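A closer look at the structure
Each chain, letter by letter, is given below.
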Amino acid sequence: MRLKEKVALITGGGSGIGAAVARRFAEEGAFVAIGDVNPRGGEQVADEIKRRGGRSIFCQVDVRKRDEVNRMIDQVVQEFGRLDILINNAGVTRDNLSARMSEEEWDFVVDVNLKGTFLCSQAAFRPMRKQRYGKIVNTASVVVRGNMGQVNYSSSKAGIIGLTRTLALEYARANINVNCIAPGFIDTPMSAAMPEKTKELALDRIPIKRMGTPEEVANLHLFLASDEANYITGQVIFIDGGASIGI
Ligand SMILES: NC(=O)c1ccc[n+]([C@@H]2O[C@H](COP(=O)([O-])OP(=O)(O)OC[C@H]3O[C@@H](n4cnc5c(N)ncnc54)[C@H](O)[C@@H]3O)[C@@H](O)[C@H]2O)c1
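Residues numbered from 1 in each chain as written. Predicted model: local features only at pLDDT ≥ 70, side-chain atom pairs only at ≥ 80, totals over all residues. Heavy atoms only, no water.

**Here we look at the site of the ligand**
Close to the ligand lie 29 residues; Ser 15, Ile 17, Asp 36, Tyr 153 and Thr 188 are nearest. Ser 15 places a polar side-chain atom, nitrogen or oxygen, 2.6 Å from an oxygen atom of the ligand. With respect to the ligand, the backbone of Val 61 contributes an N or O atom lying 3.3 Å from a nitrogen atom. Relative to its unbound accessible area of 830 Å², the ligand is 92% covered by the protein chains. Put simply, the parts of the chain that give the shell around the ligand at least two residues each are helix 1 (16-27), helix 5 (151-171) and helix 6 (189-192). (Near = heavy atom within 4 Å. Polar contact = N/O pair within 3.5 Å; in protein donor to acceptor, adjacent residues only side chain to side chain. Areas by Shrake-Rupley, 256 points an atom, 1.4 Å probe, with all protein chains shown as cover. Helix = DSSP H or I, 4+ residues; strand = E, 2+ residues; numbered from the N terminus.)

Encoded structure:
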């Protein structure tokens, strides 16, 4: 088992990629805390892990709110005694062309994706520094290269890359690795909400000619969260079927 008795917290773990990460980590022996704003999905995944003999808790959290984030970290440490792995996966979209984008659409996406990642990483630092051990994996996207109608989302995800590199520098002395994954077009409820025409265009640009699965993304999380990645920090790894290469 690659994460035996490691304590992992996965934000947005109640759906899509986060749920696949929670299941995969539990299979590898981790104790899994799921932080999600949506209790239905989060509780379901935690219950499923427990039914299979694993240890799991659900923490309801809005990652935009510092007091809720702090409470979630306290809950995890109280339940499992430590926090080894933080997967900053919670994310949202509110697409619009820049000319039409409202301030609310901008703030909502930047607050959940970028500020949420910051607040969770800052709160997780406390127990991780004490232990002198931690792995943080953030979530950017292939659209950091730019994408029509996603100025809020692509800006938030590009910000996460700067955040990852800076935290990697600041946290290295505490033996905490901070890395980032950048998924392409992955088959989840988030991508299912895209218009059919946009999906066709996205598929057309992928050399491997299919969407990725949440389980494939979870395998990358597993590697970066494990001790196999002890000498990797501050990196961004694209998992996109080749969408970010070539012209
Ligand atoms: N699906 C894709 O094609 C794709 C591509 C690139 C990047 N991503 C990124 O991967 C991550 C997971 O995406 P997904 O496709 O699984 O999405 P999803 O919509 O299936 O899951 C996102 C989860 O985040 C939770 N969440 C939303 N706002 C929250 C908040 N304020 N506080 C706590 N939890 C919150 C939701 O309740 C949900 O459970 C996101 O960061 C997303 O931007 C996805």
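So much for the structure itself; the text now carries on.
**Points about helix 1**
Its 12 residues give helix 1 an end-to-end C-alpha distance of 17 Å, which sits within 8% of 16 Å, the value for a rise of 1.5 Å per residue. Gly 29, located one to two residues past helix 1, shows a positive phi value of around 95°. (Expected span 1.5 Å × (residues − 1).)

**Some remarks on the packing of aromatic side chains**
In the structure shown here, the tally under the stated rule is 2 aromatic pairs. Taken together, a centroid distance of 5.7 Å and an interplanar angle of 20° make the contact between Phe 31 and Phe 80 stacked. In this pair, Phe 31 sits in strand 2 (residues 31-36) while Phe 80 sits in helix 3 (residues 66-80), placing the two residues 49 residues apart along the sequence. If you follow Arg 55 out to its NZ or CZ, it ends over the ring of Phe 31, 4.6 Å from the centre. (Phe/Tyr/Trp six-rings, centres within 6.5 Å; stacked < 30°, edge-to-face > 60°. Lys NZ or Arg CZ within 6 Å of the ring centre and 35° of its normal.)

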